[in-house]
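# Chain and residue survey
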Amino acid sequence: MTEFSRRDFLKLSGVTMGAVMLNQFLPPPVAEAARRAGQIAADGDGYLTTMCEMCVWRCGVRAKVSKGRVVKLEGNPDHPHSLGKLCARGQSGIMTTYDPDRVLYPLIRVGQRGEGKFRRASWEEALDLVAGKMQEIKDKYGPEAMVFSSTHNLSQVQFENLLSGYGSPNYGTQRSLCFNSMVTAFLLTYGIEEPARNYDNVKYILLVGRNLTEAISTSETTALMDAVARGAKLVYLDPRFTKTAAKATEWIPIRPGTDSAFLLAMIHVIVTERIGDCDFVQQHVLGCEDLPTAMAEYTPEWAETKTGVPADTIRRIAREFAAAKRFALAHPGWRTSNFINSFQTERAIATLNAIVGNVFEPNGCLIASSPEAGGVPLGKPPQPPYPRTAAQRLDGVPWKYPLVPLKLGVFQEMRDAILTGQPYQARGWFIARQNPVQSLPDRARTLEAMGKLDFIVAIDVILNDTAWFADVVLPEASYLERYDPLAVVGGKIFIRQPVIEPQGEGRSALWIYKQLGQRLGLGDYFQYADEEDYLRQQLAPLGLDLEQLKQKGYVEPPPKADGGETKDYVFNTPTGKIEVYSDTLAKAGFSGWPTWEEPPAPAPGEFYLLTGKVAQHTQFATQNNQYLHKVQDDPRLWMNVDKAKGMGLSDGDLVEVASSVGKVNVRLLATQAIRSDCVYMTPGFGHVSKGLNTAYGVGASSSVLHLTFTDPISGGQALSQTCVTVKKA
């Protein structure tokens, strides 16, 4: 057994980086197939198609090859998400693959957790160790003692096969940290998780904290900007002047946590003045007769006292929005779990869209299918039913959170259950493509919870903060080096395929899960010979050829038989209508109407702590990318310049930011672009893993400061409900 410290780890990284640079030539099977398809010439010049994974939007990519090496990534014009373009993150994907800090071999911890001491292992040894520990936990404590968590990805179906075949009910995703409130609200109101948006004819757009110009949904950002260029009015509510605010027709620096008051007042104006789409409402909306009475107290004057926005402004925007009717759009949002009342904000957004008749109507701005819905019946390998489990879920779904869908869960509650040992003690954690040490609120509690576990395994391409505390790290091949299950976008079937040979010993998730499944006696859940066999089984029901898909990057499925009949849309709710009044909510003990819930306010001397996306990074995953590091903004604490001056603080000062659970030091950015009662930190910095040479020591982590607040309806974590103090460090 050979121990190696951070210095040894860096030496290994340097050696393997040399191997990366020597072995970046296309593997013969890929090169041969590309030559047969005419994608690359005999001398190795040309393009290969695949899909990006620098974020979950998964744009189409054309990998430029010169002399057998990938030298540039470009947007695939045939993919509806890229349309021939790639954002900065997508273009930097080469550096993620060639990151000198990549984990290229299985690692087994030999020091204390968090000490950073690992030894290189063979795949055989590492997989045997992981499967053995998982089986030991299952035999001693039951399968429920093993927690599984993963960020949304194309291989997630096989991750879920592993955890469900194993028998654990404990599945944690990032959704409760992001959009639980939006998904739960729209399920209860429309019967779908998230309606897609149509900007083709939009005339009026209301964004509520949706910083779309810096978000990961790049094709939607393009559609938004095209609409603004055509003359659509964009009204943007946000306490901070973001890049989206800079593009808006009107920016409203609303008080944090009061978006629902603004929206409820808009609904009040529209229903009491009867300026909505009355015909649509009477036909499709449940509760329309009583809606004016339910909204009676929410006048613009009342909302002014909550939001700080003048009543006349609210009334004017409500009338403008209603005048645009089905060509108006109140965006559902995305990272919507900001306050405990964010569920009510989303219910109000759903109601506002319904009363102007834009929902699923011809040329309307909300579409029946969700953005990821494909409608193409792909096949899948056969498998037996999952074993039944009688154990309660650690996150309280559904016994504590009856309205939260099982696949969403309440991630932060699962972490807290590990700490309390209630309703039982978890013993192991299987983590794939996820970084809960950075993403979960109150990092100290997350590290404490990890310290209570017998075993932790992480699957990733780099030694992120969570992998730094793992017992075993399994190296996944980067997205340029592997196959993943197929993706349906815009009615077409797209492929992610390797365009370079895997570096080191990186392997695909499909391979890793199958290997573990076989060792755990779950081989029947992984009935595919290899990755290509898996893809062929997906294509089999459609009679499509994998080779054609590999050559072109996508195929179009055969047209479906259509009876030619036009039917009225029936909403997937208990009544078949848009449920502005929800009996499901009422029976669960909550208000059946969208309603106002007062958020907490900062104490004297405190500030709301805001966080949000930036265009140069994807959440907590890309800060070690050297290309993105060069173009990122300096991660500083935003504070209103006048407020800073009154506190004796100047731009560039090192300040201490503290909450009741932690404190960090960070440089100050004194600016007019934020309200005086708020401060802002970009998430994803302040890494603790010394295996990240580019990101380590840069900025501070907002997760150190965040308190844990959970919405009792949606299970969403209220990320902006934390208040902090600031002083010179």
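What you are looking at is a predicted structure, and each value in this text was computed from that prediction instead of being measured.

## Some words on the overall build of the chain
Along the chain, the regular secondary structure elements total 24 helices and 27 strands. Relative to a compact globule of 729 residues, whose C-alpha radius of gyration would be 27 Å, the chain shows 26 Å and is just as compact. With the principal axes as the frame, the chain shows a C-alpha extent of 75 × 70 × 55 Å. By the burial criterion, 61% of the 729 residues in the chain qualify as buried.

## Notes on the sheet that holds strand 24 (residues 654–658)
The mixed closed barrel is built from six strands, whose spatial order is 22-26-23-25-24-27. Adjacent strand axes in the sheet meet at a mean angle of 45° when their direction is disregarded. As defined by bridge partners, strand 24 adjoins strand 27 (residues 723–728) across four bridges and the pair is classed as antiparallel. Residue pairing in the sheet places Val657 in a bridge with Val726 of strand 27.

## Some details on the pairing of strand 22 (residues 607–610)
Across two bridges, the pairing between strand 22 and strand 27 is antiparallel. The residue of strand 27 that forms the bridge with Tyr608 is Cys723. For strand 22 and strand 26 (residues 678–680), the ladder comprises three bridges, and the chain directions are parallel. What sits directly across from Tyr608, in strand 26, is Cys678.

## Structural notes on the pattern of salt bridges
On inspection of all chains with the given rule, the structure shows 44 salt bridges. Of the charged contacts in the structure, one is a salt bridge between Lys728 and Asp653, with a shortest N-O distance of 3.7 Å. Of this pair, Lys728 sits in strand 27 while Asp653 sits in the loop between helix 24 (641–646) and strand 24, and the two are 75 residues apart along the sequence. Connected via shared salt-bridge partners are Glu53, Arg433, Glu476, Arg482, Asp484 and Arg496.

## Things to note about the confidence of the model for the chain
Averaged over every residue, the pLDDT of the chain is 91; residues scoring 70 or more account for 92%. Of the regions scoring below 50 in pLDDT, residues 1–25 engages in 46 contacts with residues more than four places distant in sequence or in other chains.

## A few points about empty space enclosed by the protein
Counting across every chain of the model gives four cavities of 30 Å³ or more. Taken as a whole, the largest cavity spans an internal volume of roughly 550 Å³. Together, 32 residues line the largest cavity, and Val208, Gly209, Asp238, Arg335 and Asn338 are the ones closest to its centre. If you tally residues by element for the lining of the largest cavity, the top one is helix 15 (residues 342–355), at four residues. Taken together, the residues of the lining of the largest cavity sort by class into 11 nonpolar, 13 polar and eight charged. Counting contributing residues per domain, the lining of the largest cavity is built from domain 3 (196–367 + 570–587) and domain 4 (607–728), each supplying no fewer than three. Estimated volume of the second largest cavity: approximately 80 Å³. For the second largest cavity, the lining is made up of 13 residues, of which Cys52, Cys55, Cys59, Cys87 and Gly90 are closest to its centre.

## Regarding the environment of Asn693
Considering the arrangement of structural elements, one finds Asn693 in the loop between strand 26 and strand 27. It is 10.0 Å that separates the C-alpha atoms of Asn693 and Asn625, two residues lying 68 residues apart in sequence. A distance of 2.7 Å separates polar atoms of two side chains, one belonging to Asn693 and the other to Asp101.

## Description of the pairing of strand 10 (residues 233–237)
Each regular strand displays side chains that alternate between the two surfaces of the sheet. Burial within strand 10 is extensive, with four of its five residues counted as buried. Strand direction decides the pairing type here: strand 9 (residues 204–208) and strand 10, joined by five bridges, are parallel. Note on strand 10: the bridge partner recorded for Tyr204 is Lys233. Handedness of the crossover joining strand 9 and strand 10 through helix 8 (residues 218–230): right-handed. Strand direction decides the pairing type here: strand 10 and strand 11 (residues 250–252), joined by three bridges, are parallel.

## Brief notes about the packing of aromatic side chains
Aromatic ring pairs are described here by two measures, namely the spacing of the ring centres and the angle between the planes. For the structure shown, the criterion picks out 21 aromatic pairs. Pairing Phe241 with Trp251 gives two aromatic rings, centres 5.0 Å apart and planes at 75°, and the pair type is edge-to-face. Of this pair, Phe241 sits in the loop between strand 10 and helix 9 (243–247) while Trp251 is found in strand 11, placing the two residues 10 residues apart along the sequence. For Phe241, a relative accessible area of 32% corresponds to the partly exposed category. Assessed through its relative accessible area of 27%, Trp251 is described here as partly exposed. A network of ring pairs unites the aromatic residues Phe148, Phe159, Tyr166, Tyr171, Phe430 and Tyr513 as a single cluster. A cation over a ring is seen here: Arg120 above Tyr105, with NZ or CZ 3.5 Å from the ring centre. Over the aromatic face of Tyr166 sits the side chain of Lys138, whose NZ or CZ is 5.0 Å from the ring centroid.

## Observations regarding the domain arrangement of the chain
Entries for the chain in the domain assignment read domain 1 (1–13 + 21–101 + 480–503 + 535–558), domain 2 (107–178 + 391–477), domain 3 (196–367 + 570–587) and domain 4 (607–728). Taken together, the contact pairs 20 residues of domain 1 with 17 residues of domain 2. Carbon and sulfur atoms make up 63% of the surface buried where domain 1 meets domain 2, a total of about 1,600 Å² over both sides. Run the count over domain 1 and domain 2 and you get three salt bridges. The interface formed by domain 1 and domain 2 contains three residue pairs in polar contact (both at pLDDT 80 or more). Classifying every residue of the side of domain 1 that touches domain 2 gives eight nonpolar, two polar and 10 charged.

## A few points about the environment of Ala227
Mapping Ala227 onto the fold places it in helix 8. On the basis of relative accessible area, Ala227 is assigned to the buried category, the value being 0%. As for Ala227 and Val437, which are separated by 210 residues in sequence, their C-alpha atoms are 39 Å apart. With residues near it in sequence (within four places) discarded, Ala227 still touches Tyr199, Val202, Ile205 and Ala232.

About the thresholds
- Residues numbered from 1 in each chain as written.
- Predicted model: local features only at pLDDT ≥ 70, side-chain atom pairs only at ≥ 80, totals over all residues.
- Heavy atoms only, no water.
- Helix = DSSP H or I, 4+ residues; strand = E, 2+ residues; numbered from the N terminus.
- Rg over C-alpha atoms; globule rule 2.2 N^0.38 Å.
- Buried < 20%, exposed > 50% of the residue type's maximum accessible area, 1.4 Å probe, protein only.
- Pairing = 2+ DSSP bridges.
- Axes fitted to C-alpha atoms, helices over the stretch in contact; angles between N-to-C directions.
- Salt bridge = Lys/Arg side-chain N within 4 Å of Asp/Glu carboxyl O.
- pLDDT = per-residue confidence, 0-100.
- Contact = heavy atoms within 4.5 Å.
- 1 Å grid on protein atoms, 1.4 Å probe; cavity = no way out; pocket = protein on both sides within 12 Å on 5 of 7 lines; lining within 4 Å.
- Points joined across faces, edges and corners; volume = space filled by probe spheres on them.
- Nonpolar A, V, L, I, M, F, W, Y, C, P; charged D, E, K, R; others polar.
- Domains from an automatic or database assignment.
- Polar contact = N/O pair within 3.5 Å; in protein donor to acceptor, adjacent residues only side chain to side chain.
- Right-handed = clockwise from strand over helix to strand, strands pointing away.
- Phe/Tyr/Trp six-rings, centres within 6.5 Å; stacked < 30°, edge-to-face > 60°.
- Lys NZ or Arg CZ within 6 Å of the ring centre and 35° of its normal.
- Buried area = accessible area lost by both parts, 1.4 Å probe.

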